[in-house]
There are 4 protein chains.
Amino acid sequence: MIKVGIVGGTGYTGVELLRILWNHPEAELQVVTSRSEAGMPIADMFPSLRGKVDLKFSEPKKAGLEDCDLVFFATPHGVAMDNAPALVDAGVKVIDLAADFRLQNLLQWRKWYQMEHAAPELLAEAVYGLPEMNRDRIARARIVGNPGCYATAVQLGFLPLIEADVVDRSRLIADAKSGVSGAGRKAELGIAFSETADNFRAYGVPGHRHHPEMVHGLGGAAGRPVELLFVPHLIPSIRGIHATLYAHLNRDMDLQTLYEKRFADEPFIDVMPAGSHPDTRSVRGSNTCRIAIHRPGGGDKVVVLAVLDNLVKGASGQAVQSMNLMFGLDEGSGLDHIALMP
Amino acid sequence: MIKVGIVGGTGYTGVELLRILWNHPEAELQVVTSRSEAGMPIADMFPSLRGKVDLKFSEPKKAGLEDCDLVFFATPHGVAMDNAPALVDAGVKVIDLAADFRLQNLLQWRKWYQMEHAAPELLAEAVYGLPEMNRDRIARARIVGNPGCYATAVQLGFLPLIEADVVDRSRLIADAKSGVSGAGRKAELGIAFSETADNFRAYGVPGHRHHPEMVHGLGGAAGRPVELLFVPHLIPSIRGIHATLYAHLNRDMDLQTLYEKRFADEPFIDVMPAGSHPDTRSVRGSNTCRIAIHRPGGGDKVVVLAVLDNLVKGASGQAVQSMNLMFGLDEGSGLDHIALMP
Amino acid sequence: MIKVGIVGGTGYTGVELLRILWNHPEAELQVVTSRSEAGMPIADMFPSLRGKVDLKFSEPKKAGLEDCDLVFFATPHGVAMDNAPALVDAGVKVIDLAADFRLQNLLQWRKWYQMEHAAPELLAEAVYGLPEMNRDRIARARIVGNPGCYATAVQLGFLPLIEADVVDRSRLIADAKSGVSGAGRKAELGIAFSETADNFRAYGVPGHRHHPEMVHGLGGAAGRPVELLFVPHLIPSIRGIHATLYAHLNRDMDLQTLYEKRFADEPFIDVMPAGSHPDTRSVRGSNTCRIAIHRPGGGDKVVVLAVLDNLVKGASGQAVQSMNLMFGLDEGSGLDHIALMP
Amino acid sequence: MIKVGIVGGTGYTGVELLRILWNHPEAELQVVTSRSEAGMPIADMFPSLRGKVDLKFSEPKKAGLEDCDLVFFATPHGVAMDNAPALVDAGVKVIDLAADFRLQNLLQWRKWYQMEHAAPELLAEAVYGLPEMNRDRIARARIVGNPGCYATAVQLGFLPLIEADVVDRSRLIADAKSGVSGAGRKAELGIAFSETADNFRAYGVPGHRHHPEMVHGLGGAAGRPVELLFVPHLIPSIRGIHATLYAHLNRDMDLQTLYEKRFADEPFIDVMPAGSHPDTRSVRGSNTCRIAIHRPGGGDKVVVLAVLDNLVKGASGQAVQSMNLMFGLDEGSGLDHIALMP
């Protein structure tokens, strides 16, 4: 059994890790830390865990994280970079669900997260935890930067087109929509029920933190720079990301076959039949990303629809998928949830 | 034209006052204050007002509130009691939408609001602003305490039964449900979308601030004390209060007729046909309270269903109704909105 | 492995049975019938099942249901009573998720469901499938009538009070609220999004089909008739039942201890700490019923709050719980889902 | 006073017409027809109208529509084309809220609506009712085809760019999102609450009925054909359209100024400050379309955000706006609603 620790268990990605790991056949939850809630039974904060998880939140300093085999950081940006180096030195593998180990470019890190990076050496060795792109490197990694939720949907949706070099790399558009839980568990007016329910809006059109991560990943897959216009929106739903991706074909190709082949061996990518419109609820609570490809009118425009659960394939599920790879387990271990529908 | 000021225009009751007053044929908005947002155009905070309301928030001290004919306090509890006395002394009429002038009993005030009352003399003269109960007194009042949203629904629903003395006064139950906007416009985890959507729960079962106000009002109508069990719940909707009221008949009576007669002249009470189930959306944005009376199986149990919009008849609309009375205007002036449905 | 069939797999209780049974370690899904959709892969109708369930809907007549060990009827009222007798005769155990085998009283059946009962003899032997009440009888049953969702919440919430004979049996009130999925998967204006979202209302105040079932169950537990006033409401949420139960104590007792003792060995009843307010999301997707007991002001009124997921403990999960009992399996087999939160 | 009739008052656009016209100072509602509900008081179907609208639904044949000055058709596609000619011949002006008089091209009509057009001559004279494009022609029209909701948002958002000829006309993309009420008031599984709440999906990617209408309008504004990729999505909200529009600049220009100038005299277009993100709730219940223009990174890509209420500016409000023009009234008469927020 792998001994697992979670730093920062009071957010949505933390409680989702607990939900997934509780059922994981080869991982054992050792410790969950919270500076603010040390001593409180976790199930007091999250009654959904009553009768299942009986751990208490631990004080981070005294938690014995260095005795774990793997530690997840489900913390705000900037925490993992301070604490991961000592753990990695102690032989503990680390997966950060925040952004600290996603961006190799230190200038971009500083620009988008407004702080100096505290562990540039460890960053240099960190692997970007998108298994469909970096499976082998994740398997050998000591530290993984878990992708952002938008970034997962957008990259998975564009990947076959980019790898096959069939679209104009300077004209990619990602019109993405996310449920409100993507903003995290916090007291903030902008995500209050009365501000977001029965409402819809774009945000961050001038620029969004997930943008450099997507451009970097897709550029890597292309072997050349890509230009991507990314516009996120807020859906009045709890979970779910829907990415509507637009590209311009530069040569003819059977795209349905392209996608089916590219993802044939991927356990968590479901290429839907031609003509499909995946809905976010079809992946609610599951680690699957469902993708459909359209070519309206048979012309040179491609529309890719990709959906995932931002807290599972977009966060905690993907992190567990990486954990499985890092310890040589079955990649899908503990991740066979059927979506909750309706 | 009545010159109107609003103290504290950044909450939901404030913006709802602006929506209503903007269309009011005999009131003119002079000033809206906000300590934190002084200088900002109101429509920058509430884009729904763009092109209509072109006032800016004013610094309270320099706002010239004493030049108004009437000032609404749409502030947190405890603000009006500090500021209303000087205004009333200056001849300005005051309506407080918070609780400062609702409870005549100072011990209860202290118990439920955890502060000393700053204006006990003014409180003694304040009128409880439920027109269906206190119309004449409101018309003569210098200061009005606008009822709580739950309190309005529960009192209006029970009133005919209590006045006619046909139910057991020791066995009243109010199972009430409110949309999330009743909690106000604020940064608070408990009202975040991801915490309240697709969810339902009771709260405050051991005790709720609106309870003394209801018991006082109903007791006054009865001429004797009443016992009321009040259980509030949170609906995953923005607006709307639904009160399901239970009482035990102590003698036979045609209740449908009782209610129709009692409210025959009330412009904002709609007694629905026997057998009806009013829904909250049927009053969304309007000042109407719709009521239906049931007597399941024809027995001695009564079930009253009462719905209203917590921000209109439960707050700002009712306050404007009182204003109309205080200035001798048509009681419904500015309040003829049809509910927004769907 | 138990061979399982499902008659009528196109509704919400059907797809929920599929979600649960797919993970069940000792049950194997053999056949799912649908008259209207025979031949269609189930996952074409429910994309959430893609990559998991690869069965097709079968024509009921040719489905070979008689070769199953157990057949669930997830059909409209009136179907199971026509088809269950032949299956039971063939040695197949049957659990009906509709109402055909819930009401022993044929007059009430006719009154509420407007049809003659087609299998009165089998009805006479049928066991009401509430394990917390009838565990031993379910274990020996050939046919089980699975309780209604409201009926489960109301009976579980009142049971300890009734069994201990500490409340006035003539003054029980159940103010219950249900998510919209309780109405089933169908084309009906009244459950359209634009009719139910941002809205709240009571319905069926004059009478509801679940009432006789609750009165019968609670009366059986009391050994004497009970009177229950039941008022259902529609929550703008997908899943979740919240029952707010009111009773009048006829003698003093430590209710928290009463409930904790009564349910100490129940795997799916969670008695929460005194003062709690359970929310429906804390059981979303799980088979748990969470209960909290209040005695406001320490007086003689009791308020019980009970929540469950209408499609799990209120339908398909409870049916699987009965199946486990009928085949001598661990009662919780296949039912260890943690609620999906948020 | 203009005498107004409504054919088909049982849908959402019908009840919204009633809400708007009831307050209209210069229009008087004479008759509302419904084949299925003739004789029923309208307020029995829509309790939101109780105490305001006291008309009953009339049998269409006997309704005396020919005595009206103007008749709105709030009917399914195909009804107005059968009935409008006789009314127009009788001197009654007609506004059709369905599609019968939107598409001048009969082949496209047949392709998208699967029926022969019954009144091609009248269609030839019909004016497309987008005041911002066709104000003068509407003022002189005998018959107006009211634009589709998506079509209104998309055309208003693109119009300044197209008229100024500053974008590549072959690369327009409209990623549009609509609340569920856009699908109408009907019994249909796909719009049931449990199917659409907490969910998000695209639909009609291969083709949508509003597409020819948009291409025709924008092509007319350009004086040359345009190519537009249109992808609609379903928001789990009741009202609201959000169009996210993408275009490629072919020369530099100050777009903020372009939009502000183009719409300077438009009473119902609100060009927001640079950098804004309009939300759909800011127009809920109002006839305003709010627009914001972005040029991320200052490059050659333009992102336009346009929001409107699909039942007001996207349907009934726009129809009343056209009525005002047709009768020489103030264009905004009866349309000064402030959005209901929150």
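The coordinates are above.
Notes on the structure follow. (Residues numbered from 1 in each chain as written. Chains lettered and ligands numbered in written order. Predicted model: local features only at pLDDT ≥ 70, side-chain atom pairs only at ≥ 80, totals over all residues. Heavy atoms only, no water.)

Brief notes about the nonpolar core
In a soluble, globular protein the nonpolar side chains are often hidden away together inside.
And then number 1: In this structure, Val154, Phe158, Leu161, Tyr259 and Ile291 of chain A are the most contacted members of the largest nonpolar core, which totals 42 residues.
And then number 2: Among the elements that take part in this core, helix α7 (residues 149–163) of chain A stands out by supplying ten residues, more than any other. (Core = buried A, V, L, I, M, F, W, Y, C linked by side-chain atoms within 4.5 Å. Buried < 20%, exposed > 50% of the residue type's maximum accessible area, 1.4 Å probe, protein only. Helix = DSSP H or I, 4+ residues; strand = E, 2+ residues; numbered from the N terminus.)

With respect to the interface of chain B and chain C
And then number 1: Every contact between the two is made by 41 residues of chain B and, on the other side, 41 residues of chain C.
And then number 2: Where chain B abuts chain C, roughly 3600 Å² becomes buried across the two surfaces, and 58% of that area is made up of carbon and sulfur atoms.
And then number 3: For the chain B face of the interface with chain C, the top three residues by lost area are Asp198, Phe200 and Tyr246 of chain B, together amounting to 18%.
And then number 4: At the surface where chain B touches chain C, the tally comes to eight salt bridges.
And then number 5: Between glutamate 195 of chain C and arginine 281 of chain B there is a salt bridge, and its shortest N-O distance comes to 2.6 Å. (Contact = heavy atoms within 4.5 Å. Buried area = accessible area lost by both parts, 1.4 Å probe. Salt bridge = Lys/Arg side-chain N within 4 Å of Asp/Glu carboxyl O.)

Let's talk about the sheet that holds strand β12 (residues 269–271) of chain B
All names here are of chain B.
And then number 1: Within the open sheet, the seven strands sit side by side as β9-β10-β8-β11-β14-β13-β12. Their pairing is mixed. With one partner strand each, in any of the chains shown, β9 (201–202) and β12 form the two edges of the open sheet.
And then number 2: One ladder, built from seven bridges, connects strand β8 (residues 172–178) with strand β10 (residues 228–234); its direction is parallel. Note that in β10 the partner of serine 178 across the bridge is leucine 234. (Pairing = 2+ DSSP bridges.)

Comments concerning the packing of α7 of chain A against helix α9 (residues 210–222) of chain A
Residues and elements named next belong to chain A.
And then number 1: Between α7 and α9, the least distance of the axes is 9 Å, while the angle of their chain directions is 25°. As summarised for this structure, α7 and α9 are arranged roughly parallel, according to the angle between their axes. Taken as a pair, α7 and α9 cross one another with a handedness that is right-handed. Contacts from Cys149, Tyr150, Ala151, Val154, Gln155, Phe158, Leu159, Ile162 and Glu163 in α7 reach His210, Glu213, Met214, Gly217, Leu218, Ala221 and Ala222 in α9.
And then number 2: Residue composition of the contact of α7 with α9, grouped by class: eleven nonpolar, three polar and two charged. (Axes fitted to C-alpha atoms, helices over the stretch in contact; angles between N-to-C directions. Parallel < 35°, antiparallel > 145°, perpendicular 65-115°, else oblique. Left-handed = near helix turned anticlockwise from the far one by under 90°. Nonpolar A, V, L, I, M, F, W, Y, C, P; charged D, E, K, R; others polar.)

Quick look at the relation of the copies chain A and chain D
And then number 1: Superposing chain A onto chain D takes a rotation of 180° plus a shift of 0.0 Å along the axis, which leaves an RMSD of 0.0 Å. These values place the two chain copies in the arrangement generated by a two-fold rotation axis. Nearest to the rotation axis, the C-alpha of proline 236 of chain A is located 3.2 Å from it, this being the minimum over chain A. (Least-squares fit on C-alpha atoms with pLDDT ≥ 70 in both.)

What about the relation of the copies chain B and chain C?
And then number 1: At an RMSD of 0.0 Å, chain B and chain C line up after a rotation of 180° and a shift of 0.0 Å along the axis.
And then number 2: In this assembly the copies share their binding face: 100% of the residues contributing to the interface of chain B also contribute to that of chain C.

Quick look at helix α3 (residues 80–89) of chain C
Residues and elements named next belong to chain C.
And then number 1: What α3 keeps buried is the set Ala80, Met81, Ala84, Leu87 and Val88. End-on, the buried residues of α3 take up no more than an arc of 120°, which puts them together on one face. Turned more than 90 degrees away from the buried face of α3 sit Asp82, Ala86 and Asp89, all of them exposed.
And then number 2: The secondary structure elements touched by the buried residues of α3 are β4 (70–73), β5 (93–96), α4 (106–113), α5 (120–125) and β7 (143–145).
And then number 3: Looking at the residues trailing α3, positive phi occurs at glycine 91, about 90°. (Arc of directions from axis to C-beta.)

Description of the sheet that holds strand β2 (residues 27–33) of chain A
All names here are of chain A.
And then number 1: The strand order across the open sheet built from seven strands is β3-β2-β1-β4-β5-β7-β6, with neighbouring strands paired in parallel fashion. Lying at the two open borders of the sheet, with one neighbouring strand each, are β3 (57–58) and β6 (127–128).
And then number 2: Along the sheet, helix α3 (residues 80–89) contacts β4 (70–73), β5 (93–96) and β7 (143–145); its crossing angle with β4, the most-contacted strand, is approximately 175°.

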